[in-house]
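# Topology and contacts: notes
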Amino acid sequence: MHYLLCYELAPDYLETRGKYRNEHLKLAWEAQERGELIMGGAFSDPADMSVLFFQAESPALVEAFAKADPYLLHGVVTGYKVRQWNTVVGKDAFTPLRPE
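Residues numbered from 1 in each chain as written. Predicted model: local features only at pLDDT ≥ 70, side-chain atom pairs only at ≥ 80, totals over all residues. Heavy atoms only, no water.

As annotated in an unreviewed UniProt entry, the chain is YCII-related domain-containing protein from Massilia genomosp. 1. Quoted verbatim from the Sequence similarities (unreviewed entry) field of the UniProt record, the comment on the chain reads "Belongs to the YciI family." (UniProt positions renumbered as here; feature names shortened; annotations may be inferred.)

See the structure below:
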């Protein structure tokens, strides 16, 4: 299944992320190398949210990632949601649907 991890970012995210960025990126790239994290990044204008796209058997893996993320542990991320994403269009869609 596909899941989106949606982070709410602290108002001072751009100023505070630097302290924990290497730890956060290490965690993310390790998940990517295991085939769990497909891609991720933050929005800009405003920088108030980021989204990480996962492929996993269950949301538990995504929850575990969030709970281990230095950004969450140190308040750079103020909240998060894990949402199942029912992908239907694209070569990597989990459940491709074509018109009849």
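Next comes the rest of the description.
## Some points on the sheet that holds strand β3 (residues 49-55)
The four strands are arranged β2-β3-β1-β4 in an open sheet whose pairing can be described as antiparallel. Here the strands that pair on one side only, and so sit at the sheet edges, are β2 (37-42) and β4 (77-85). Taking each pair of neighbouring strands and ignoring which way they run, the sheet shows an average axis angle of 15°. Note that β2 and β3 share five bridges and pair antiparallel. Each bridged residue has a counterpart across the sheet, and for Met-39 the counterpart in β3 is Phe-53. Its contacts with the sheet put helix α3 (residues 59-68) on β1 (2-9), β3 and β4, and the angle it makes with β1 is roughly 25°. (Pairing = 2+ DSSP bridges. Helix = DSSP H or I, 4+ residues; strand = E, 2+ residues; numbered from the N terminus. Axes fitted to C-alpha atoms, helices over the stretch in contact; angles between N-to-C directions. Contact = heavy atoms within 4.5 Å.)

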